[in-house]
Amino acid sequence: MFFESVKIMLLGMGTVFLFLIIMSYLTQFMSKMILKYAPEAPKVPEPTPRAQAKRSDDKAKVAAIVAAIHHHQTTQN
């Protein structure tokens, strides 16, 4: 009875191990097929915003953070 349970356990573990090996190879195969028939599109560089607009955005962010901190400190007391 004990040996039958060991046989069933090894059969189940072997089945799972075999399935994982097959799944690993199929995943590698699919990856190669995708790269072969559908290569990645070339990346288009994003247009950079003007430095002036970036500076004004930074100033607005700093002003909002300072105002939020001031509001938080005044409402705490």
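The following paragraphs examine the structure supplied in this document. For clarity, every value in this text was computed on a predicted model and none was experimentally measured.

### Some thoughts on the overall build of the protein chain
No. 1: Within the protein chain, the regular secondary structure consists of two helices and zero strands.
No. 2: Taken across its 77 residues, the protein chain has 0% of its residues classed as buried.
No. 3: Total accessible area on the protein chain is roughly 7900 Å²; 70% of this is exposed by carbon and sulfur atoms.

### Side note on a nonpolar patch on the surface
No. 1: Taken together, the side chains of V16, F19, L20 and M23 define a hydrophobic patch exposed on the protein surface, amounting to about 380 Å² of accessible area.
No. 2: The residue L20 is located in helix 1 (residues 2-37) in this model.
No. 3: Judged by its relative accessible area of 42%, L20 falls in the partly exposed class.

Rules and cut-offs
- Residues numbered from 1 in each chain as written.
- Predicted model: local features only at pLDDT ≥ 70, side-chain atom pairs only at ≥ 80, totals over all residues.
- Heavy atoms only, no water.
- Helix = DSSP H or I, 4+ residues; strand = E, 2+ residues; numbered from the N terminus.
- Buried < 20%, exposed > 50% of the residue type's maximum accessible area, 1.4 Å probe, protein only.
- Areas by Shrake-Rupley, 256 points an atom, 1.4 Å probe, with all protein chains shown as cover.
- Patch = residues over 30% accessible without salt bridge, like charges linked within 9 Å, V, L, I, M, F, W, Y side chains within 5 Å.
- Salt bridge = Lys/Arg side-chain N within 4 Å of Asp/Glu carboxyl O.

Fair warning: the whole summary comes from geometry, so function is off the table for now.
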